[in-house]
Amino acid sequence: MPYDQAPETPVTPEQAVAAVQAFIDERAASRVLIAGAFTKLELVDGVLTATWSEAAIVEEKSNLLLGLNPFENLAVWLGTPLSFDNEEGRQIRQHVHAVSVIGPFGVGSMSVRDLYERATGLRYDQP
């Protein structure tokens, strides 16, 4: 892994995925409509992938949300909990090296490096 401070309390890969799922669930409970479309979440070989399901939110609503979506890449939204220089971000980044979203729009992906630098304004590879 490129430079990144080690977390004070390391977590398992399952706990890292659970932290991102908790982010999705919390946003869905807060009525962030886009969160309800993310269904399957899995971590394979350092890539955290979520599936956008039109069936989960009805196709018409899915089309509307995608049309109003402020993100050029939904991986930015999904990568929020691991983007910042805090303990949770460091814990998740132990196991996640890229974020990917699959849906009717195709695939949107972003590296942890890009997510981190975008969110913090800091270089990921330099202390």
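Data block above holds the structure.
Report follows, based on the coordinates.

Rules used in this analysis
- Residues numbered from 1 in each chain as written.
- Predicted model: local features only at pLDDT ≥ 70, side-chain atom pairs only at ≥ 80, totals over all residues.
- Heavy atoms only, no water.
- Phe/Tyr/Trp six-rings, centres within 6.5 Å; stacked < 30°, edge-to-face > 60°.
- Helix = DSSP H or I, 4+ residues; strand = E, 2+ residues; numbered from the N terminus.
- Buried < 20%, exposed > 50% of the residue type's maximum accessible area, 1.4 Å probe, protein only.
- Pairing = 2+ DSSP bridges.
- Axes fitted to C-alpha atoms, helices over the stretch in contact; angles between N-to-C directions.

1. Things to note about the packing of aromatic side chains
Thought 1: Evaluation of the coordinates by the stated rule reveals five aromatic pairs.
Thought 2: With centroids separated by 5.1 Å and ring planes inclined at 5°, the aromatic side chains of Phe 38 and Trp 77 adopt a geometry described as stacked. Note that Phe 38 is positioned in strand β1 (residues 38–44) and Trp 77 in helix α4 (residues 74–78), a separation of 39 residues in sequence.
Thought 3: Classification of Trp 77 by relative accessible area gives buried; the value is 7%.

2. Things to note about the sheet that holds strand β3 (residues 98–103)
Thought 1: With mixed pairing, four strands are arranged side by side in an open sheet as β1-β2-β3-β4. Each edge of the open sheet is held by one strand with a lone partner, namely β1 and β4 (106–111). For this sheet, the mean inter-axis angle between neighbouring strands, taken without regard to orientation, is 15°.
Thought 2: Of the pairings in the sheet, the one linking β3 to β4 comprises six bridges and is antiparallel in character.

3. Considerations on unusual backbone geometry
Thought 1: Look at Arg 31: it is not a glycine, yet its phi comes out positive at around 70°.
Thought 2: Take Arg 31: it is sitting in the loop between α1 (13–29) and β1.
Thought 3: Even without being a glycine, Asp 45 presents a positive backbone phi close to 50°.
Thought 4: Its place among the elements puts Asp 45 in the loop between β1 and β2 (47–52).
Thought 5: The exposed category is assigned to Asp 45, whose relative accessible area is 78%.

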